[in-house]
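Observations on the model geometry
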Amino acid sequence: MSRILTAEHIKKSFGKNTILKDINLTVEKGDVISILGPSGTGKTTLLRCFNYLEKPEAGRLSIDDVSVDFSHISKTEVQKLRRKSTMVFQQFNLFRNKNVLENITEGLIYGYGKTKKEAEEIAMEELSRVRMTDYAHMYPSELSGGMQQRLQIARNLVTSPRLVYMDEPTGGLDVSVQARLLDLLRSLVRTMGLAVILVTHDLAVARLLSHRLIVMHQGHMVETGLTDQVLDDPQHPYTQLLV
C-alpha cells in the first residue's frame, strides 16, 4: 500500500483550551478510518486542521508529495495542501439557487478554469458515479436529504482527490437512507482507490464502513486498531464505556 497522509505532533488550542494534544497518524491508500469520541474532544477540529480550515499551532502534515510545517506555512502551501483532499460536511452547503448540475460546474469553471462544456461533461460523470444523472436539472429544495448528500459527494469528487474527510456524513438521515449512502461510499472507496477519514458518533456506521478505528478522548488518540478488534475488545476505559 502507498502512504497518502502522515501527521506528526499536531497541536491545536483555542485560547487556553488545548483541543489536540500531540496527534500522530498515518493513512494508506484504500484506508477507511473512523474517529469516535465525545463532543468537544477534537474530532472535527482534527479534520479541519488537516484541511487548514483551522490553523494548528504546531506539527507537520504530508499528503502525497506536499509537506508542510504548520508553525510557518505559506498561502501557496495551503493551496497545494487543499488540492490533495476534500471535505464532506454534515451540512450540505449547496447553492440553493442553482440546480444539481450547476452546483458541480461552478467550482470547475471558476476555480479550475474549465469551459462550461468541459465542466458539464465532468459533472455528469460524477453524477453517474453517485447515481444521480436523472436529477441534473432539479434544485436542492427538490431533493431528499440523502440525495443532497450524494450531490455534495459528487461535487467533492470532481477534482479527483486522493483523500476525503467526512464529518458526520450520515447525520440526520434515517436508517434506510444511511444504508444506501454507506453502500455508495463503500463502492466509491473500492472503485476510486480513495482514502477516507470519517468522524462519526454512530458505532454501526463505523463498523460497517471503516476497517480502522481511532478513539479520541480529551484531545488524545487513546485507542487505535482494526475496527472489529477495538469495538469487540476495547482496552481503554473510555472505549469500554462508549461500547
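Structure first, text after, so check above.
A brief report on the enclosed structure follows. Throughout this description, residue numbers start from 1 for each chain and increase along the sequence as written. Per-residue local features are limited, in this predicted model, to residues with pLDDT of at least 70; the limit for side-chain atom pairs, both in listing and counting, is 80 or more; totals at the level of whole chains, interfaces and linings are taken over all residues. Side-chain measures were taken over the full set of non-hydrogen atoms in the model, leaving aside hydrogen atoms and water.

1. Side note on the packing of aromatic side chains
The relation between two aromatic rings is expressed through the spacing of the ring centres and the mutual angle of the planes. For Phe, Tyr and Trp, where Trp contributes only its six-membered ring, two rings pair if their centres lie within 6.5 Å, and the inter-plane angle classes them as stacked under 30 degrees, edge-to-face over 60, or tilted in between. Here the structure, examined in full by the defined rule, presents two aromatic pairs. Geometrically, the ring pair formed by Phe50 and Tyr165 is tilted, given 6.0 Å between the ring centres and 35 degrees between the ring planes. Note that Phe50 is positioned in helix 1 (residues 43–50) and Tyr165 in strand 7 (residues 163–167), a separation of 115 residues in sequence. Here Phe50 matches Tyr165 in class, with each residue buried. When the centroid spacing of 5.9 Å and the interplanar angle of 15 degrees are considered together, the rings of Tyr52 and Phe70 count as stacked. Placement of Tyr52 in the loop between helix 1 and strand 4 (58–63) and of Phe70 in the loop between strand 5 (66–69) and helix 2 (75–82) is noted, with a sequence separation of 18 residues between them. Since its relative accessible area comes to 15%, Tyr52 is described here as buried. On the basis of relative accessibility, which here comes to 0%, the residue Phe70 falls in the buried class. Remark: a charge is flagged as sitting over a ring if the NZ atom of Lys or the CZ atom of Arg is within 6 Å of the ring centre and within 35 degrees of the ring normal. In this structure, Lys12 packs its charged tip against the face of Phe14, placed 4.7 Å from the ring centre. One residue, Arg155, lies across the ring of Phe95, its end atom 5.6 Å from the ring centre. Strands are runs of DSSP state E lasting at least 2 residues, helices are runs of H or I lasting at least 4, and numbering of each runs from the N terminus. Working definition: with a 1.4 Å probe on protein chains only, accessible area under 20% of the residue-type maximum means buried, over 50% means exposed, and in between means partly exposed.

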